[in-house]
There are 2 protein chains.
Amino acid sequence: MSDPMDYASSGVDIDLEGAAVASLIGSLQRSTRKPGTPGAPVDLPGGFGGLIEFGNHLLALATDGVGSKLQIATAVSNWDSVGIDCMAMNVNDLLCVGAEPIAFVDYIAVPKPDPEVHAAVGASLAKACELANVTLAGGETASLPGIVTELDLSGTALGFLDKDSAITGERLKSGDVLIGLPSSGIHSNGFSLVRSIINRIGLTYTDSCPFNPAFTGRAFGENATLADVLLIPTKIYCAPVIGLLKHLKESLGSVHAVHGIAHITGGGLSNLLRLHDQLGWHIDSPMPIPPEFTWLQVEGNVTDVEMHRTFNMGLGMVLAVEQEHAESILSFVQQFEATAAIIGHVNDHGHKVTHVNSEIFYKHY
Amino acid sequence: MSDPMDYASSGVDIDLEGAAVASLIGSLQRSTRKPGTPGAPVDLPGGFGGLIEFGNHLLALATDGVGSKLQIATAVSNWDSVGIDCMAMNVNDLLCVGAEPIAFVDYIAVPKPDPEVHAAVGASLAKACELANVTLAGGETASLPGIVTELDLSGTALGFLDKDSAITGERLKSGDVLIGLPSSGIHSNGFSLVRSIINRIGLTYTDSCPFNPAFTGRAFGENATLADVLLIPTKIYCAPVIGLLKHLKESLGSVHAVHGIAHITGGGLSNLLRLHDQLGWHIDSPMPIPPEFTWLQVEGNVTDVEMHRTFNMGLGMVLAVEQEHAESILSFVQQFEATAAIIGHVNDHGHKVTHVNSEIFYKHY
């Protein structure tokens, strides 16, 4: 059996990243914008930092990039999905606080402009705007031959919500039901490990997919390559989540039957711990795992706990909802995501994530 | 005399960039957000593309990066100003449509996180937020060793304005007075040419400044290096411009005495042509030119027309205002920028920029 691999061994130093971000945050100070004026920062119990005041609304900004998934797109000259990944990473974060995404801007850095690449990225961004129902409100393409060696793509999404409709985690309580929304595949996290594993076993991205990629919702032909599967675009959850929040406002008068929303990104299931500083999370009925995760785990000899901390493992987003409304909320979101399911519950057994597979256990994110 | 240099010879292919951006834009389509709903795109006469509807307001996003000026910061390990540059490039663009910047997010891509660098960038961003009076509403630091070889920094600013207060250029007319706001130096454009010239003559950035860098508003000691002068942060014009717009609303009932605002970035004076598709612009009394421009021009044997198309040449922002109010507007902005001055006029002699130096002439941007 080959040496076990994990995220750190793939070259990403999470501790160093944490220290760097802490340094950045430590340098910051309070905003000069006074409470009650447009742009004044709003501190919510859940610690989501991107909200600002705007009259009777709150506005939220999210900024993120596609990361090293781009290197696979570049390796196979296929940028059809990266715009969707970029959009998804941002708008899915906005959804977690209950914000409706309305606009997006992209930032592309390249060593040298290439009209063909830009047309492909542009088409991908256009598709992403349609999927997320946002306006593309600008963008920048920078030629930086001394700084980037290949295309980098990031973006910023703007969302809004009513002042009293923020989803902060403060309503979370033991007994809340966890509804999982399926991921489309690897999404845009963990690609350093993906690339390390594939590199070690000596495959190239244009090779025929070495496992059967069939999974609910996929329509791959027999000629699917490894890249086809790895580049499946990240799912954008605007339609089910914004649809649900509007439906709850109309039917119950508020969004507050939803107590917390988590976007499962880098950190995997451990992301749940961010929503509350005391409650626990138990996954007793996990989502089905797409075949690429199983294959990567075997090829990389990766532990269960590491897999579920690095990848989404089929679970793209979690809604923690009031027990009383769980079935009706599930039915509602199944109109958009047919395989959405109840995957577990919130408990008061301590600030940890537990799983039907007892090896999967997190106390830190 | 050495071979003459220009922006294209410094390695930036403006035509290729234009083609790339055109490809990107060509791929885009109309927003799915319907007129009258938050996020619906707003088309203004001046063609500024980043505005969206939001109730009785418009929101605007601007996204841009620091560009190759970062390579000088990295070369001398001094990131004290790059956050200010990043902020300025974005908020100054928002000001051009009359939007008040209220929030900002940054995106940093590095080959490897370095807490010391991030602390310096963070301090610079904090200072920038204070100067621009915006809330830092988030940020992302990405480790992308396969994509970037050194730090890239970009950001996105959010601004707002009343629905009837957009400055679009549609009110521009012959006789309007041009008020220039001084730049602080090179700002964040033209650095490919700056670096080419310095590279050709064999200086390093830590060399003692080879010319006297003294200029209005500067307090350089005798030990100033070339980098000290090149890295002077881009001026942020929020205080004079937002102050002026608020003052005009209070005193005249609207902002419309200001007919157009241009941020002088890459493209230099030719940027003015973007504000109107028929009127002309004559600069009869240019701003004083900071000494670094004169030195670069001599060392690079660069023509006047190329200098004024690549650099700001001391002129950071132009306000085109109603003649009747020009003197009072000038007095107002001089409270913030003492050397602001009337530099010329709008005319109806054709869609071109002319200058007291007849070599400086632009018909295209």
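Report on the accompanying structure. From a predicted model like this one, the values you see are computed outputs, not experimental measurements.

## Considering the overall build of chain A
When its secondary structure is counted, chain A shows 10 helices and 11 strands. Taking 21 Å as the expected radius of gyration for a compact globule of 365 residues, we find that chain A reaches 20 Å, a close match to that expectation. Each principal axis of the C-alpha atoms in chain A carries an extent, and together these give about 55 × 45 × 40 Å. Relative to its full complement of 365 residues, chain A shows a buried share of 59%. Within chain A, contacts between residues at least 6 apart in sequence are counted, and of these 81% link residues at least 24 apart. Looking at charge distribution, chain A has the averaged site of its 19 positive side-chain charges lying 6 Å from that of its 39 negative ones.

## Things to note about helix α5 (residues 191-201) of chain A
Listed in full, the buried residues belonging to α5(A) are Phe191(A), Ser192(A), Leu193(A), Val194(A), Ser196(A), Ile197(A) and Ile198(A). Looking one or two residues beyond α5(A), the residue adopting positive phi is Gly202(A), at roughly 80°.

## Topic: the relation of the copies chain A and chain B
For the pair chain A and chain B, the superposition axis carries a translation of 0.0 Å, the fit reaches an RMSD of 0.0 Å, and the rotation angle comes to 180°. A rotation of that kind, with that shift, is consistent with a two-fold axis. Among all residues of chain A, the minimum C-alpha distance to the rotation axis is found for Val148(A), at 2.1 Å. Mapped onto chain B, 100% of the interface residues of chain A again fall at the interface, so both copies present the same surface.

## Here's the deal with the sheet that holds strand β5 (residues 152-162) of chain B
Sheet strands line up and pair through hydrogen bonds in the backbone, either parallel or antiparallel. All names here are of chain B. As summarised here, the arrangement of the 5 strands in space is β1-β2-β5-β3-β4, forming an open sheet in which the pairing is mixed. Two strands lie at the open edges of the sheet, namely β1 (51-54) and β4 (135-143), each paired on one side alone. Along the sheet, successive strands turn relative to each other by an average axial angle of 20°, direction set aside. Bridge count between strand β3 (residues 100-110) and β5: 9 bridges; the pairing is antiparallel. Paired with Ala103 across the strands is Leu158, a residue of β5. In the packing of helix α4 (residues 115-132) onto the sheet, the strands contacted are β3, β4 and β5, and the crossing angle to β3 comes to about 165°.

## Examining the packing of aromatic side chains
By convention here, two paired aromatic rings are described through the distance between centres and the angle between planes. Scanning the model with the defined rule gives 9 aromatic pairs over all chains in all. Geometrically, the ring pair formed by Phe332(A) and Phe336(A) is tilted, given 5.7 Å between the ring centres and 45° between the ring planes. Through a chain of ring-to-ring contacts, three or more aromatic side chains come together here, namely Phe54(A), Phe160(A), Phe54(B) and Phe160(B).

## Quick look at the environment of Leu125(A)
All names here are of chain A. Within the fold, Leu125 resides in helix α4 (residues 115-132). Residue classification places Leu125 among the buried positions, given a relative accessible area of 0%. Distance in space between the C-alpha atoms of Leu125 and Ile84 is 6.1 Å, their sequence separation being 41 residues. Other than its neighbours up to four places away in sequence, Leu125 contacts Gly83, Phe104 and Asp106.

## Considering the interface of chain A and chain B
Listed as interface residues are 74 residues of chain A and, on the opposing side, 74 residues of chain B. The contact between chain A and chain B buries some 5900 Å² in all, and 67% of this surface belongs to carbon and sulfur atoms. Seen at the junction of chain A and chain B, the total is 2 salt bridges. A salt bridge links Arg33(B) to Glu100(A); its shortest N-O distance comes to 2.8 Å. The tally of links from chain A across to chain B stands at 19 residue pairs in polar contact (both at pLDDT 80 or more). Put simply, the parts of the chain that give the side of chain A that touches chain B at least two residues each are α1 (14-26), β1 (51-54), β2 (57-65), α2 (69-75), β3 (100-110), α4, β4 (135-143) and β5 (152-162) of chain A. It is β3(A) that contributes the most residues to the side of chain A that touches chain B, 10 residues altogether. Of the residues that constitute the side of chain A that touches chain B, the class distribution is 38 nonpolar, 25 polar and 11 charged.

## Some words on the pattern of salt bridges
Following the criterion strictly, the structure yields 20 salt bridges over all chains and no others. Two residues, Lys69(B) and Asp85(B), come together in a salt bridge whose shortest N-O distance is 2.9 Å. With a gap of 16 residues between them, Lys69(B) in helix α2 (residues 69-75) and Asp85(B) in helix α3 (residues 82-95) connect regions that are remote in the sequence. Each member of the pair Lys69(B) and Asp85(B) is classed as buried. Lys173(B) is the partner of Asp176(B) in a salt bridge, and the nearest nitrogen-oxygen pair spans 3.8 Å. Judged by its relative accessible area of 1%, Asp176(B) is buried. Judged by relative accessible area, which is 38%, Lys173(B) ranks as partly exposed. Salt bridges sharing common partners tie together Arg33(A), Glu100(B) and Lys246(B).

## Let's talk about the environment of Leu272(A)
Residues and elements named next belong to chain A. Counting through the fold element by element, Leu272 comes out in the loop between β7 (258-263) and β8 (280-283). Given a relative accessible area of 0%, Leu272 falls into the buried group. Sequence separation of Leu272 and Lys246 is 26 residues, and the distance between their C-alpha atoms is 24 Å. For Leu272, the contacting residues outside a window of four places in its chain are Ala262, Trp281, Ile283, Val318 and Val353.

## Here's the deal with the environment of Thr294(B)
Counting through the fold element by element, Thr294(B) comes out in helix α8 (residues 291-300). Distance from Thr294(B) to Asp304(B), taken between C-alpha atoms, is 10.0 Å for residues 10 residues apart in sequence.

## What to know about α8(B)
Residue and element names in this part refer to chain B. The buried count for α8 comes to 7 of 10 residues, which makes it a mostly enclosed element. Along α8, the residues that are buried comprise Pro291, Glu292, Phe293, Trp295, Leu296, Gln297 and Gly300. The inward-facing, buried residues of α8 abut α5 (191-201), α6 (226-230) and α9 (304-310). Of the residues one or two after α8, Asn301 is the one with positive phi, at around 50°.

Thresholds, definitions, all that
- Residues numbered from 1 in each chain as written.
- Chains lettered and ligands numbered in written order.
- Predicted model: local features only at pLDDT ≥ 70, side-chain atom pairs only at ≥ 80, totals over all residues.
- Heavy atoms only, no water.
- Helix = DSSP H or I, 4+ residues; strand = E, 2+ residues; numbered from the N terminus.
- Rg over C-alpha atoms; globule rule 2.2 N^0.38 Å.
- Buried < 20%, exposed > 50% of the residue type's maximum accessible area, 1.4 Å probe, protein only.
- Contact = heavy atoms within 4.5 Å.
- Lys, Arg positive; Asp, Glu negative; His and termini not counted.
- Charge placed at Lys NZ, Arg CZ, Asp CG, Glu CD.
- Least-squares fit on C-alpha atoms with pLDDT ≥ 70 in both.
- Pairing = 2+ DSSP bridges.
- Axes fitted to C-alpha atoms, helices over the stretch in contact; angles between N-to-C directions.
- Phe/Tyr/Trp six-rings, centres within 6.5 Å; stacked < 30°, edge-to-face > 60°.
- Buried area = accessible area lost by both parts, 1.4 Å probe.
- Salt bridge = Lys/Arg side-chain N within 4 Å of Asp/Glu carboxyl O.
- Polar contact = N/O pair within 3.5 Å; in protein donor to acceptor, adjacent residues only side chain to side chain.
- Nonpolar A, V, L, I, M, F, W, Y, C, P; charged D, E, K, R; others polar.

These values are about where atoms sit, not about what they do.
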